[in-house]
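Remarks on the overall topology
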Amino acid sequence: MATRKRVLLVGGGFAGLSAARELSATHQYDVTLVDPKDYFCYVPAAPVNFLEGASAARSLVPFPTLPGVTFKQGLLTGITTDGTTGEATLQSGEKLAFDYALLATGSVYASGVKPLADVLVTRVQRLQQFADIGSKIEKAASVLIVGGGPVGIEVAAEILHHFPAKKVRLVCAHSTLLDRMDPQAKEYAAKWLHQNGVDVVTGKRISDWGGLTDGDPGPATLTTTTGERISADLVFKCVGVRPATALYAASLQGPGQLSGSGAVAVEPTLQVVGWRNVFAVGDCNTVKEEKTAALAGVAAKVAAQNIVLLDAGKELQRYPDSVFGGPAPMVGGFTLGPKAGVMQMGSTVQAGGAPAKFKAMFGWIFVRMVAGSRWWGWVYKQMVKQMVSGLTKDVRKSKEAAAAAQAANGAAAAPA
Ligand SMILES: Cc1cc2nc3c(=O)[nH]c(=O)nc-3n(C[C@H](O)[C@H](O)[C@H](O)COP(=O)(O)OP(=O)(O)OC[C@H]3O[C@@H](n4cnc5c(N)ncnc54)[C@H](O)[C@@H]3O)c2cc1C
């Protein structure tokens, strides 16, 4: 019997698990999924988890058991390949040989939202960290959130949902909140924060963090670029999501393999630049897209299918074109406590109670799927199919509108 090819998946987040499911279903490969944690973390629930123990317990689940997939607890610190076979080194010193590898190590976010992969490796440690941050929030008389993106806004809203009288200030470097989102989303968030008593200050950039690290939130006095000092009992740094590649970045020494921000550079086929048999997806790569769990899962499916195509000597798909027929559309959203939120899917924006309910339901379904429910796995698959189909139509419409505008401009500019 021919030996099965070995596929190494590094990182058991949204991307890693999506690829694991796709490859498991082929029954063709010996897949090893490496992650330092003994649990999957449903990251979008982090702001809620700070203040709701039941949510935290629900959103940290054991990795699923999938046919042909072996889970290994470990941390990637090095990787080499000759283009056909390669070898990964774990922090423990263990070496794992592979025929194909997929880097899906995600990102790191400050303030305890998404800690470095080599800390809080047990579920118990992570639950304790959520609870500790919750009790810091409870004790703080003043809270400062730096960052006007979806994460900063969600953290502010959760704090006010639990402590409506708490003094919360949100400082953002841009002239408006949510700089990458639709104006409707910006307006809705600004109005909600104002009505709920958040002191929103835009156009202020922090130049000195007063000793605040990228670890858990804490008390600090910050200085802005104009020299203003701002203090609070508890400061959440909600800026600067970073690709989680530092631990193995020394392996990516080939020309153009690592971007300035530390992301793994990939070809449109999601192959790492210069490495035929190694792919990278999700928050850790350089693909120009809103870095979301939704898109990480979709891209990981493409990468897993490309591994199968490469193995069969066939032409590879090019992401995001093969999925959306053009550039990856905007996919984003945030909740403002349990009863309000915004969801943006391409050019469609929905604000109000429904997006908050949808996000909670999506999370509920996702963790059930990870926990092994085939039924919820099927439901999740249908939801993703619908999302991709809606976004594809949206991309097509935008391309048609752009072409029509270009034709109209051309006609107007043409000599009579
Ligand atoms: C507060 C918050 C709310 C969000 N809300 C949404 C939302 O509503 N919808 C949405 O679509 N997206 C949302 N996102 C974004 C989403 O969480 C990320 O885009 C998503 O987690 C990316 O998935 P990933 O698989 O690439 O990486 P991750 O989820 O970061 O997973 C990476 C995995 O790799 C492991 N790892 C890291 N380094 C190593 C290493 N060296 N060796 C082995 N394993 C390693 C980590 O332990 C982790 O398990 C939110 C993010 C935050 C922070």
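All values derive from a computational prediction rather than experimental measurement.

Around the ligand, 39 residues are found, and the nearest of them are Gly11, Gly13, Gly106, Gly282 and Thr292. Broken down by secondary-structure element, the contributors of at least two residues to the shell around the ligand are α1 (14-26), β2 (29-35), α2 (46-49), α5 (150-162) and α7 (293-311). Residue classes in the shell around the ligand are distributed as 22 nonpolar, ten polar and seven charged.

On to the pairing of strand β12 (residues 167-172). Pairing of strand β11 (residues 142-146) with β12 involves five bridges; the strand directions are parallel. Counted as the bridge partner of Val146 is Val171 from β12. For the handedness criterion, the β-α-β arrangement of β11, α5 and β12 is classed as right-handed. Pairing of β12 with strand β13 (residues 199-202) involves four bridges; the strand directions are parallel. Bridge pairing in β13 places Arg169 opposite Asp199. Where the polypeptide runs from β12 across helix α6 (residues 183-195) and back to β13, its parallel neighbour, the crossover connection is right-handed.

Their axes nearest at 7 Å, the elements α1 and α7 cross at an angle of 35°. The interaxial crossing formed by α1 with α7 has right-handed handedness. Contact residues: α1 offers Phe14, Ala15, Ser18, Ala19, Glu22, Leu23 and Thr26, while α7 offers Ala293, Ala296, Gly297, Ala299, Ala300, Lys301, Ala303, Ala304, Gln305, Ile307 and Val308. Its residues assigned to classes, the contact of α1 with α7 shows twelve nonpolar, four polar and two charged.

Time to look at the nonpolar core. Counting residues in each nonpolar core, the largest one holds 122 residues, and the members touching the most others are Leu9, Ala156, Val281, Ala299 and Ala303. Among the elements that make up this core, the one with the highest residue count is α7 (eleven residues).

What follows covers the sheet that holds strand β14 (residues 206-208). Pairing is mixed across the open sheet formed by six strands, whose spatial order is β13-β12-β11-β16-β15-β14. Because the sheet does not close on itself, it has two edges, and the strands there are β13 and β14. Sheet twist, expressed as the mean angle between neighbouring strand axes with direction ignored, is 45°. Bridge count for strand β15 (residues 218-224) against strand β16 (residues 229-237) is five bridges, and the pairing is antiparallel. Across the sheet, Ala220 pairs through a bridge with Ala232, a residue of β16.

Turning our eyes to something else, we now look at helix α10 (residues 374-413). Given a rise of 1.5 Å per residue, 40 residues ought to cover 58 Å, and the 58 Å separating the end C-alpha atoms of α10 matches this to within 8%. Of all the 40 residues making up α10, two are buried; the element is thus mostly uncovered.

This brings us to the UniProt feature "domain: FAD/NAD(P)-binding" (unreviewed entry) in the protein chain. Residues given the UniProt feature "domain: FAD/NAD(P)-binding" (unreviewed entry) here are residues 6-291. Helix makes up 23% of residues 6-291 and strand 28%, whereas the separation of the span's terminal C-alpha atoms amounts to 28 Å.

Quick look at helix α4 (residues 123-139) now. Along its 17 residues, α4 runs 25 Å from first to last C-alpha, staying within 8% of the 24 Å computed at 1.5 Å per residue. Those residues of α4 that sit buried are Arg126, Phe130, Ile133 and Ile137. Buried residues along α4 cover an arc of 65° about the axis, so they all sit on one side. Opposite the buried face of α4, at more than 90 degrees from it, the exposed residues are Val124, Ser135 and Lys139.

Moving on, we come to the domain arrangement of the protein chain. When cut into domains, the protein chain gives domain 1 (5-112 + 242-329) and domain 2 (140-237). Once you take the C-alpha centre of each, domain 1 and domain 2 turn out to be 31 Å apart. The partner domain 2 presents eleven residues to the nine residues of domain 1 that form the contact. Residues belonging to the side of domain 1 that touches domain 2 are distributed by class as follows: six nonpolar, two polar and one charged.

In this section: unusual backbone geometry. Each neighbour pair has its own omega, and for Tyr319 with Pro320 the value is 5°, a cis peptide bond. Mapping Pro320 onto the fold places it in the loop between α7 and α8 (321-324). We note that His27 has phi near 55°; this positive angle belongs to a residue other than glycine. Residue position: His27 is located in the loop between α1 and β2. Take His27: there are 9 C-beta atoms within 10 Å of it, and that puts it in the exposed class. The phi dihedral of Leu178 is positive, around 50°, even though this residue is not glycine.

Bringing the pairing of strand β19 (residues 331-335) into the picture now. Among the five residues of β19, four are classified as buried, and the element is accordingly described as predominantly covered. As consecutive antiparallel partners, β19 and strand β20 (residues 341-345) are separated by five residues, and within that stretch Gly337 has a phi angle of approximately 75°, a positive value.

This part covers the sheet that holds β2. Across the sheet, which stays open at both edges, the five strands sit in the order β5-β2-β1-β9-β18 with parallel pairing between neighbours. The two strands at the open ends of the sheet, each matched to only one other strand, are β5 (69-73) and β18 (278-280). Along the sheet, successive strands turn relative to each other by an average axial angle of 20°, direction set aside. Its contacts with the sheet put α1 on β1 (5-10), β2, β5 and β9 (100-103), and the angle it makes with β2 is roughly 165°. In the packing of α7 onto the sheet, the strands contacted are β1, β9 and β18, and the crossing angle to β18 comes to about 160°.

Here is what the cut-offs are and how they apply
- Residues numbered from 1 in each chain as written.
- Predicted model: local features only at pLDDT ≥ 70, side-chain atom pairs only at ≥ 80, totals over all residues.
- Near = placed C-beta within 6 Å.
- Helix = DSSP H or I, 4+ residues; strand = E, 2+ residues; numbered from the N terminus.
- Nonpolar A, V, L, I, M, F, W, Y, C, P; charged D, E, K, R; others polar.
- Pairing = 2+ DSSP bridges.
- Right-handed = clockwise from strand over helix to strand, strands pointing away.
- Axes fitted to C-alpha atoms, helices over the stretch in contact; angles between N-to-C directions.
- Left-handed = near helix turned anticlockwise from the far one by under 90°.
- Contact = placed C-beta atoms within 7 Å.
- Core = buried A, V, L, I, M, F, W, Y, C linked by C-beta atoms within 7 Å.
- Buried ≥ 20, exposed ≤ 12 C-beta atoms within 10 Å, placed from the backbone.
- Expected span 1.5 Å × (residues − 1).
- UniProt positions renumbered as here; feature names shortened; annotations may be inferred.
- Arc of directions from axis to C-beta.
- Domains from an automatic or database assignment.

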